[in-house]
Amino acid sequence: MLNRIILMGRLTRDPELRHTQAGIPVASFSLAVDRDFKSRDGGERATDFIDIVVWRATAEFVAKYFTKGRMAVVEGRLQIRDWTDREGGKRRSAEVIADNVYFGDSKRDGGGDSGGGSFARPAAPAPVDYGIPSGNEDQFAELSDDDDDLPF
């Protein structure tokens, strides 16, 4: 059986980090994911709002570095959960249990600011000399048009 899902969208709120009674970190957030097609009537893309749950070290990572509006790529599995509401009614909800969460944008692209400071670009490395001749030297050898000994 296969249950894998990959989503890319923007966080609709800051992740909420909690801990279980056993001390295991769990974070939850919602991801706004645009559909690939436009609606017939208005010509706008519909958006799905998908609940995401992340556990352990990944939960702490998400809570520390992701904020509302930040683009994220989520990889995980779809889980359907049945539960009873306060009035005793049977309810069902779908959520993604994320295994991996990646940045979908850079900090400079207008995502949330998660700790201040600037995003510094490393200096370009110095050019490497590969011993390639320069100038007007003849770098190419003449090839013959004899194709008789080729295997194809």
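Before any of the text, the structure's been laid out above.
Parameters and conventions
Residues numbered from 1 in each chain as written. Predicted model: local features only at pLDDT ≥ 70, side-chain atom pairs only at ≥ 80, totals over all residues. Heavy atoms only, no water. Pairing = 2+ DSSP bridges. Helix = DSSP H or I, 4+ residues; strand = E, 2+ residues; numbered from the N terminus. Buried < 20%, exposed > 50% of the residue type's maximum accessible area, 1.4 Å probe, protein only. Contact = heavy atoms within 4.5 Å. Core = buried A, V, L, I, M, F, W, Y, C linked by side-chain atoms within 4.5 Å. Phe/Tyr/Trp six-rings, centres within 6.5 Å; stacked < 30°, edge-to-face > 60°.

Caption draft 1: Focus on the pairing of strand β2 (residues 16–19). Here β2 pairs with strand β3 (residues 25–38) via 4 bridges, running antiparallel. Paired with Leu-17 across the two strands is Ala-27, which belongs to β3. As consecutive antiparallel partners, β2 and β3 are separated by 5 residues, and within that stretch Gly-23 has a phi angle of approximately 85 degrees, a positive value.

Caption draft 2: A look at the environment of Val-62. Among the structural elements, Val-62 can be located in helix α1 (residues 56–65). A residue is classified by how much of its surface remains accessible, and Val-62, at 0% relative accessible area, is buried. The spatial distance from the C-alpha of Val-62 to the C-alpha of Tyr-102 is 9.0 Å, given a sequence separation of 40 residues. Residues within four places of Val-62 in sequence aside, it is in contact with Pro-15, Phe-29 and Val-101.

Caption draft 3: The nonpolar core, seen in detail. Among the nonpolar cores identified, the biggest contains 16 residues, and Phe-29, Leu-31, Ile-52, Val-54, Val-74 and Val-101 are the most heavily contacted of them. Elements with a minimum of two residues in this core: β1 (5–11), β3, β4 (45–55), α1, β5 (71–84) and β6 (90–103). At 4 residues, the largest contribution of residues to this core is made by β3. Not counting residues up to four positions away in its chain, the partners in contact with Val-54 are Pro-25, Val-26, Ala-27, Phe-29, Ala-59, Ala-98 and Val-101.

Caption draft 4: Summary view of the packing of aromatic side chains. In this structure the tally under the stated criterion is 4 aromatic pairs. When the centroid spacing of 4.6 Å and the interplanar angle of 15 degrees are considered together, the rings of Phe-66 and Phe-103 count as stacked. With a gap of 37 residues between them, Phe-66 in the loop between α1 and β5 and Phe-103 in strand β6 connect regions that are remote in the sequence. By relative accessible area, which is 38% here, Phe-103 ends up partly exposed. The rings of Phe-61, Tyr-65, Phe-66 and Phe-103 are connected pair by pair, giving a single aromatic cluster.

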